[in-house]
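# Structural overview for review
Residue strings, one per chain:
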Amino acid sequence: MLTVDTTRPTGPAGRISRVETLMLGTAWRDFGYVRVHTDEGLSGVGEITHPYRGREVCALAEAMSRRHLLGADPFDVEEIWLRLHQGDFLRGGDVGGIVVSGLDQALYDLMGKALGVPAYRLTGGACRDGVPVYANGWYDGERDPEVFAAKARATVAKGYRALKFDPFGSGLHELGPAELRRSVGLVAAVREAIGPDVELFVEGHARFAMPTAVRLLHELAPYGIGWLEEPLPWTHIERYAELRQRASFPIAGGEHFHDRYEYKQLFATHAVDIVQPDLSMAGGLTEVRKIAAIADAHGMLVAPHNSNSPLCTTVSVHAALGIPNLKVLETFDGLLEPYVFEALRGTLPIADGRIGLPTAPGLGVELADEVFAEHPPTHRFWNMFEDGWEKRDRSAPA
């Protein structure tokens, strides 16, 4: 089972004949993609974006494809997933997890195209008629209450009913008294700007030691936040449950894990209330469905992480439609240049804070090679523990 069997009859997509990778440069980060071809003339796409290791991910995707995909039937998704994971001796981690995730996405794209149905029809169908989304990346500016409040109001005016942001600047381990007041003041200003009926999520980026995280539970309580995300480093996962017991609002996390095996301790310790697997990091549609089911068995909701391109947004919608315990989906789509959408033709649009049912076969997205050629990777690096990172200065050198 850990080798490609070319003697079995194939499904309507044929056999995988070629795999290629592409990268698209933007002012924020480089987006990575994989395109899988079959001998029946079909092609399927997936996202393999890594914020800082794009070249390494592309190289591994091409190497793993040569070892495990060529000659395979795209419909054998479970066997291919096992072959990628076990046959390549993956032991967790971001680069391998992203490769498996993107290749898995491409298989569902191929299957849907071969059958003439949207990919969500192959992942449990739809539990709902659309997917609610929240905006991230909207707060690119000075850490000033008036600036953040104005940007929050403008984002809500676009139809979003939920926002997330990191108010903590370059904070790490602790926040001094003045920095604590400034950070909490930003939350207060945004809450006042958007009113009580728009959900507000606060991002911690795994920044803080336990005493500061506990202090934040008290300081943030008056502002009705929907969750505090990753307040502690995951090297201290055993302390998450202790923090949850002290919180008056949900604790969210899980974007750093790349398959159900890495999630084991999170579930075993009841570390969070809301699980955040990423469709381009946590094993693709095949694996995230399993993670969501385990979360459901632990009484946890699922809010997929998605700091990637509109392709991952579209993939996430296909998966989220069939997740009964879904809460909301993240999106950075509003942050991106128009040419990103030209490069990814067919991504699903956001309207009034939600994304509706897909209708095109597969994922419905095709990569426009000519746009990729015009926008090569920049290899930009955002250090989220450096003063001023939240400005996302697009004129800064890569």
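Heads up: the structure comes first, above all this text.
In short, a report on the structure. (Residues numbered from 1 in each chain as written. Predicted model: local features only at pLDDT ≥ 70, side-chain atom pairs only at ≥ 80, totals over all residues. Heavy atoms only, no water.)

### As for the packing of aromatic side chains
Selection criterion: Pairing of aromatic side chains here covers Phe, Tyr and the six-membered ring of Trp, requires ring centres within 6.5 Å, and sorts the geometry by plane angle: under 30 degrees stacked, over 60 edge-to-face, intermediate tilted. In DSSP terms, a helix is any run of H or I states spanning at least four residues, a strand is any run of E spanning at least two, and both are numbered starting from the N terminus. A 1.4 Å probe rolled over the protein chains alone gives each residue an accessible area, and that area as a share of the maximum for its type sets the label: buried under 20%, exposed over 50%, partly exposed in between. Only Lys NZ and Arg CZ are tested; either one counts as a charge over a ring when it is within 6 Å of the ring centre and within 35 degrees of the ring normal.
If you walk through the whole model with that rule in mind, you get 19 aromatic pairs. With 5.6 Å between their ring centres and 80° between their planes, Y134 and W227 make a pair best called edge-to-face. Of this pair, Y134 sits in strand 4 (residues 130-135) while W227 sits in strand 7 (residues 227-229), and the two are 93 residues apart along the sequence. Given the relative accessible area of 0%, W227 is considered buried. Ring centres 3.7 Å apart and planes at 5° place the aromatic pair F201 and W227 in the stacked group. Highlighted residues: F201 in strand 6 (residues 199-203) and W227 in strand 7, separated in sequence by 26 residues. Note on accessibility: F201 and W227 belong to one class, buried. An aromatic cluster is present here, built from W138, Y139, F148, F165 and W389 joined pairwise through their rings. For the cation-ring pair, R260 lies above W81, with the distance from its terminal atom to the ring centre recorded as 5.4 Å.

### Focus on the sheet that holds strand 2 (residues 31-38)
Rules: Pairing between two strands requires that DSSP report at least two bridges joining them. Structural elements are reduced to axes, namely lines fitted to C-alpha atoms, with helices fitted over the stretch in contact, and the angle between N-to-C directions of any two is expressed from 0 to 180 degrees. Whether two residues are in contact is decided by their heavy atoms, any of which lying within 4.5 Å being enough.
Strand order across the open sheet formed by 3 strands is 1-2-3, with antiparallel pairing between neighbours. The sheet terminates laterally at strand 1 (16-24) and strand 3 (43-47), the two strands that pair on one side only. The mean inter-strand angle of the sheet, taken between neighbouring strand axes irrespective of direction, is 20°. In terms of strand pairing, strand 1 meets strand 2 through 8 bridges, oriented antiparallel. Across the sheet, residue M23 finds its bridge partner in strand 2, namely G32. Helix 3 (residues 94-115) contacts strand 1, strand 2 and strand 3 of the sheet and is inclined by roughly 145° relative to strand 3.

### Things to note about helix 3
Because an α-helix packs 3.6 residues into every turn, residues spaced three or four apart end up facing the same way. Quick note on the threshold: Multiplying 1.5 Å by the residue count of a helix minus one yields the expected span of that helix.
When the terminal C-alpha atoms of helix 3 are compared, their 32 Å separation across 22 residues agrees well with the 32 Å that a helix rising 1.5 Å per residue should span. With 19 of 22 residues buried, helix 3 is to be regarded as a mostly interior element. At the C-terminal side of helix 3, G116 shows a positive phi close to 75°.

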